[in-house]
Amino acid sequence: MQQFDVIVVGGGMVGASVALKLAHSGLQVALVERQTPAVYQAQQPLDLRVSAINQRSERWLTELGAWSLLQQWRLCPYRRLQAFEGDTPGLTFTADELNLSHLGHIVENSLIQQALWQQFPEQLTVFSPATVTGFSQQQALAQLTTKEFGCLSAQLVIAADGGQSQLRQLAGIGSTGWMYQQACLVLEVDTELPQQDITWQQFHPTGPRAMLPLSGHKASLVWYDAHQKVQQLAALSLPELSRQVQAAFPAKLGAVQVTRCAWFPLARNHANSYAKGRLVLVGDAAHSINPLAGQGVNLGFADARVLCEVLLSANTGALASAELLARYEKERRRANALMMSAMDGFYQLFSNELPPLKLARQLGLTLAERAGPLKRLVSRYAVL
Ligand SMILES: Cc1cc2nc3c(=O)[nH]c(=O)nc-3n(C[C@H](O)[C@H](O)[C@H](O)COP(=O)(O)OP(=O)(O)OC[C@H]3O[C@@H](n4cnc5c(N)ncnc54)[C@H](O)[C@@H]3O)c2cc1C
């Protein structure tokens, strides 16, 4: 049986970052991933899944050496962020008013994962593709069984295996959550207009419509709506879908051609505990959030950073100490719960046609736009 200090299960964006940081810091780390990502190639097609990466996450990826690769590959900075309803001007945040060069970047998920994997040092042992078949805990060790590589053991197992976390289930950690009535359609489009410095979200009673810029005349659009409507849209031919998008999105989007699309159900889920014995959860394995404000992976990277800080402050022999893992949970649970509740507040407030709520949110956006210090505070929280 091969033995490690730490085994990370799940080499997506969050898990790969944890494995990389801990391996760089001298721990014996294994990474177990179901699906090996391809090595980056300049001509690879765009990934439909993209994320708005805030400055905190950018600093984390810079520290790990992945950001410089992403800058050489593909990413799109944005300097303005706008939220509005109907034809109202709404609320706009700009990098200038915060004395920043940019507010964030839109980056393809697969590129972030590939950049992290490309930085893996030799001493990080990768087991992939691997199928986990069992997990058990003893007094001194945790054991993971895989179909392809047999039995592995470590002091601590970090589950970064996404929203449906198999490890969370195998360890018997419950979670609390629900499915939202809305789903979302993600569309890759060619745009006639160059609009690469702004990302915007238009609120609509059936769900928001958002534009995330990509390099060149490309953008990612997100159309939130009732499940049935989203599925109907996803089944249309691309020319017909392009017509529907044109009719539903605000005129300022200009002419677009849809080149690809996929739809996703929306779930909220929060693990009842972030740690149990020698298992600890990070990223979507611990919390899935409504993607409305693009915070999911940013929260995951914040988990990763805090967990690594906490683990690296301990003796190498005490990585699974209950006190240590409680310190990680205390710091991250509150921040994650706050963001999840804020997203639910937005969801309820903006997916509603009741006249008092409609008036309140239009007033809210206008007041927030005019209240300089409050606006700066909110934007600093979202961006930095
Ligand atoms: C439509 C949509 C739009 C979004 N937009 C944004 C955005 O703009 N900004 C943002 O911050 N977030 C966004 N999110 C959320 C973001 O995608 C997730 O928070 C993020 O992918 C979570 O990363 P993760 O590494 O924790 O999990 P995942 O990305 O789910 O990665 C899990 C990894 O574990 C592997 N794995 C799973 N099970 C096993 C197993 N049993 N054994 C071994 N390996 C396993 C998987 O192959 C995968 O590589 C969006 C989500 C959706 C649905």
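Parameters and conventions
- Starting afresh in each chain, residues are numbered from 1 along the sequence in its written order.
- In view of the model being predicted, local features appear only for residues whose pLDDT reaches at least 70, and side-chain atom pairs are presented and counted only at 80 or more, with totals across whole chains, interfaces and linings using the full set of residues.
- To get the side-chain values, take all heavy atoms of the structure and skip hydrogens and water.
- UniProt positions are given in the numbering used here, feature names are shortened, and annotations may be inferred rather than shown by experiment.
- Two rings from Phe, Tyr or Trp (for Trp, the six-membered ring) form a pair when their centres are within 6.5 Å of each other. A pair whose planes differ by under 30 degrees is stacked, one over 60 is edge-to-face, and the rest are tilted.
- By the criteria applied, helices consist of DSSP H or I runs no shorter than four residues and strands consist of E runs no shorter than two, each listed in order from the N terminus.
- Relative accessibility thresholds used throughout: buried, under 20% of the residue-type maximum; exposed, over 50%; partly exposed, between the two (1.4 Å probe, protein chains only).
- Note on pairing: DSSP must find at least two bridges between two strands before they are called paired.
- Put simply, a residue is near a molecule or strand once any heavy atom of it comes within 4 Å of that molecule or strand.
- In protein, a polar contact requires one atom able to donate a hydrogen and another able to accept it; more generally it is a pair of N or O atoms within 3.5 Å, and residues adjacent in sequence count only if both atoms are side-chain atoms.
- Each accessible area value is a Shrake-Rupley result obtained with a 1.4 Å probe; residue values ignore everything except the protein chains displayed when judging cover.
- Axis definition: a line fitted to C-alpha atoms, over the contacting stretch in the case of helices. Angles run 0 to 180 degrees between N-to-C directions.
- Here, residues are in contact when the closest pair of their heavy atoms is within 4.5 Å.
- Every helix has an expected span of 1.5 Å times one less than the residues it contains.
- In plain words, nonpolar cores are sets of buried Ala, Val, Leu, Ile, Met, Phe, Trp, Tyr and Cys residues tied together by side-chain atoms within 4.5 Å.

- If you look the chain up in an unreviewed UniProt entry, it shows as FAD-dependent oxidoreductase from Rheinheimera marina.
- For the record of the chain, the UniProt heading Pathway (unreviewed entry) holds the text "Cofactor biosynthesis; ubiquinone biosynthesis."
- The UniProt entry for the chain carries the following comment under Sequence similarities (unreviewed entry): "Belongs to the UbiH/COQ6 family."

Brief notes about the packing of aromatic side chains
- Summed over all chains, the structure comprises 9 aromatic pairs.
- Ring geometry for Phe 127 and Phe 149: centres 5.1 Å apart, planes at 65°, overall edge-to-face. Note that Phe 127 is positioned in strand S8 (residues 124–127) and Phe 149 in the loop between strand S10 (142–146) and strand S11 (150–159), a separation of 22 residues in sequence.
- When the ring of Trp 223 is compared with that of Phe 249, the centres are 5.9 Å apart and the planes differ by 80°; the resulting orientation is edge-to-face. You can see Trp 223 sitting in strand S15 (residues 218–226) and its partner Phe 249 sitting in the loop between helix H7 (238–248) and strand S16 (256–271), a full 26 residues away along the chain.
- By relative accessible area, Trp 223 is classed as buried at 2%.
- Through pairs of rings, three or more aromatic residues link up here, namely Phe 84, Trp 200, Trp 223 and Phe 249.

With respect to the pairing of strand S3 (residues 50–53)
- What you see with S3 is no split at all: Val 50 and Ala 52 on one side and Ser 51 and Ile 53 on the other are buried throughout.
- Judged from the 4 bridges that link them, S3 and strand S7 (residues 104–108) form a sheet pairing that is antiparallel. Across the sheet, Ile 53 pairs through a bridge with His 105, a residue of S7.

Comments concerning the site of the ligand
- Within the structure, the ligand sits among 31 residues, and Glu 33, Arg 49, Gln 166, Asp 284 and Val 297 are positioned closest to it.
- At 3.5 Å from an oxygen atom of the ligand is found a main-chain nitrogen or oxygen belonging to Met 13.
- The backbone of Arg 34 places a nitrogen or oxygen atom 3.1 Å from a nitrogen atom of the ligand.
- In isolation the ligand offers 1000 Å² of accessible surface; the protein chains occlude 86% of this area.
- Elements represented by at least two residues in the shell around the ligand include exactly helix H1 (13–24), S3, helix H4 (109–118), strand S12 (175–191) and helix H8 (296–312).

Details of the sheet that holds S7
- Across the sheet, 3 strands lie side by side as S3-S7-S4; this open sheet has antiparallel pairing. The two strands at the open ends of the sheet, each matched to only one other strand, are S3 and strand S4 (76–78). Adjacent strand axes in the sheet meet at a mean angle of 25° when their direction is disregarded.

So, the sheet that holds strand S6 (residues 91–94)
- Ordered in space as S6-S5-S13-S14-S15-S12-S16-S19, the 8 strands form an open sheet in which the pairing is mixed. Of all strands in the sheet, those with a lone pairing partner are S6 and strand S19 (287–288), marking the two edges.
- As judged from the 3 bridges shared by strand S13 (residues 198–203) and strand S14 (residues 209–214), these two strands associate in the antiparallel manner. When the sheet's bridge partners are listed, Trp 200 is paired in S14 with Met 211.
- In the packing of H7 onto the sheet, contacts are made with S12, S13, S14, S15 and S16, and the angle to S16 comes to roughly 70°.

Observations regarding H1
- In this model H1 runs 17 Å from its N-terminal to its C-terminal C-alpha over 12 residues, within 8% of the 16 Å that 1.5 Å per residue would give.
- Most of H1 sits out of view: 10 of its 12 residues are buried.
- Considered for burial, the residues of H1 that qualify are Met 13, Val 14, Gly 15, Ala 16, Ser 17, Val 18, Ala 19, Leu 20, Leu 22 and Ala 23.
- Just past H1, the residue Gly 26 takes up positive phi, approximately 100°.

A few points about the nonpolar core
- Ranked by internal contacts, the top residues of the largest apolar core, which has 74 residues, are Ile 7, Leu 70 and Ile 158.
- Apart from residues lying up to four places away in sequence, Ile 7 is in contact with Ala 30, Val 32, Leu 144, Leu 152, Ser 153, Ala 154, Leu 156, Val 157 and Ile 158.
- Core analysis: the second largest hydrophobic core is formed by 21 residues, Leu 48, Leu 91, Phe 93 and Val 186 among them.

Digging into the pairing of S13
- Among the 6 residues of S13, 6 are classified as buried, and the element is accordingly described as predominantly covered.
- Side chains Ile 198, Trp 200 and Gln 202 project from S13 onto one buried face, and the interleaved Thr 199, Gln 201 and Phe 203 project onto a second face that is buried too.
- The pairing of strand S5 (residues 80–85) with S13 spans 6 bridges and is classified as parallel. When the bridges of S13 are listed, Leu 81 appears paired with Thr 199.

A look at unusual backbone geometry
- Of note, the amide linkage connecting Ser 128 to Pro 129 takes the cis form, showing an omega dihedral of -5°.
- One non-glycine residue, Asn 99, lies in positive phi territory at about 55°.
- On the secondary structure map, Asn 99 appears in the loop between S6 and S7.
- The exposure class of Asn 99 is exposed, given its relative accessible area of 73%.

Some points on the side chain of Gln 202
- Examined against the element boundaries, Gln 202 turns out to sit in strand S13.
- Judged by its relative accessible area of 7%, Gln 202 falls in the buried class.
- A polar contact of 3.2 Å, which involves the side chain of Gln 202, links it to the backbone oxygen of Gly 86.
- Sequence-distant contacts of Gln 202, that is, excluding residues within four places in its chain, are made with Phe 84, Gly 86, Pro 208, Arg 209, Ala 248 and Pro 250.

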